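The chain contents come next:
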Amino acid sequence: MSEVYRETLVARAPESMTFDLRLPARPRLDLALGTIEDGAVTFRVSVRPAGGEEAAVLERTVTRPHRWEAVLV
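In this text the structure is predicted, and so the values were computed from the model without any measurement. (Residues numbered from 1 in each chain as written. Predicted model: local features only at pLDDT ≥ 70, side-chain atom pairs only at ≥ 80, totals over all residues. Heavy atoms only, no water.)

**Student:** When you look at the environment of Arg 12 in this model, what are you seeing that I'm missing?
**Tutor:** Tracing the sequence through the fold places Arg 12 in the segment before β1 (30–33). Contacts of Arg 12, omitting those with residues within four sequence positions, involve Ile 36 and Glu 37. Within the structure, the side chain of Arg 12 is placed 2.7 Å from the side chain of Glu 37, a separation counted as a polar contact. (Helix = DSSP H or I, 4+ residues; strand = E, 2+ residues; numbered from the N terminus. Contact = heavy atoms within 4.5 Å. Polar contact = N/O pair within 3.5 Å; in protein donor to acceptor, adjacent residues only side chain to side chain.)

Here you go:
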């Protein structure tokens, strides 16, 4: 996007991705969000501890296409 290249996971709305992970104590997620769509796109990251309830840790709506928005969770 805008000739800035990153390692990416690509999906089209309303698709979702799920990953089973073991996280360390006090984990941190450093990522960049972006879209090529002209309309608003909402990104959501949630976690669910084993045997626990799912909780959203990030919900961000991107409205400007073709640029990266850095996010630290």
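Moving on from the coordinates now.
**Student:** What am I meant to see in the pattern of salt bridges here?
**Tutor:** Once their charged atoms are close, side chains differing in charge can pair, the charge on each being opposite to the other. Within the structure shown, the criterion is met by four salt bridges. Among the ionic pairs, Glu 37 bridges to Arg 12, the shortest N-O distance being 2.7 Å. One end of the pair, Glu 37, is in the loop between β1 and β2 (41–47); the other, Arg 12, is in the segment before β1, with 25 residues separating them in the sequence. Residue Arg 44 pairs with Glu 54 through a salt bridge whose shortest N-O separation is 3.8 Å. Linking Arg 44 in strand β2 with Glu 54 in the loop between β2 and β3 (55–62), this pair joins segments that are 10 residues apart in sequence. What emerges from the salt-bridge pattern is a single network uniting Arg 44, Glu 54 and Glu 59. (Salt bridge = Lys/Arg side-chain N within 4 Å of Asp/Glu carboxyl O.)

**Student:** Help me understand the environment of Met 17, please; the structure alone is not making it clear to me.
**Tutor:** If you trace the backbone, Met 17 turns up in the segment before β1. Here Met 17 falls in the partly exposed class, since its relative accessible area comes to 37%. (Buried < 20%, exposed > 50% of the residue type's maximum accessible area, 1.4 Å probe, protein only.)

**Student:** Sorry if this is basic, but what is going on with the side chain of Thr 35 here?
**Tutor:** Topologically, Thr 35 is positioned in the loop between β1 and β2. Exposure remark for Thr 35: the relative accessible area of 6% places this residue in the buried category. At 2.9 Å, the side chain of Thr 35 and the backbone nitrogen of Glu 37 are in polar contact. Contacts of Thr 35, omitting those with residues within four sequence positions, involve Met 1, Val 41, Val 62, Arg 64, Pro 65, His 66 and Arg 67.

**Student:** Got a minute to help me understand the side chain of Glu 69 in this structure?
**Tutor:** Tracing the chain through its elements places Glu 69 in strand β4 (residues 69–72). With near-sequence residues (within four places) excluded, Glu 69 lies in contact with Leu 31, Ala 32, Leu 33, Arg 60 and Val 62.

**Student:** How should the confidence of the model for the protein chain be read in this particular structure?
**Tutor:** For the protein chain, per-residue confidence averages 91 on the pLDDT scale, and residues scoring 70 or more make up 100% of the total. For the protein chain, the element scoring lowest by mean pLDDT is β2, at 93; β3 scores highest, at 95. (pLDDT = per-residue confidence, 0-100.)

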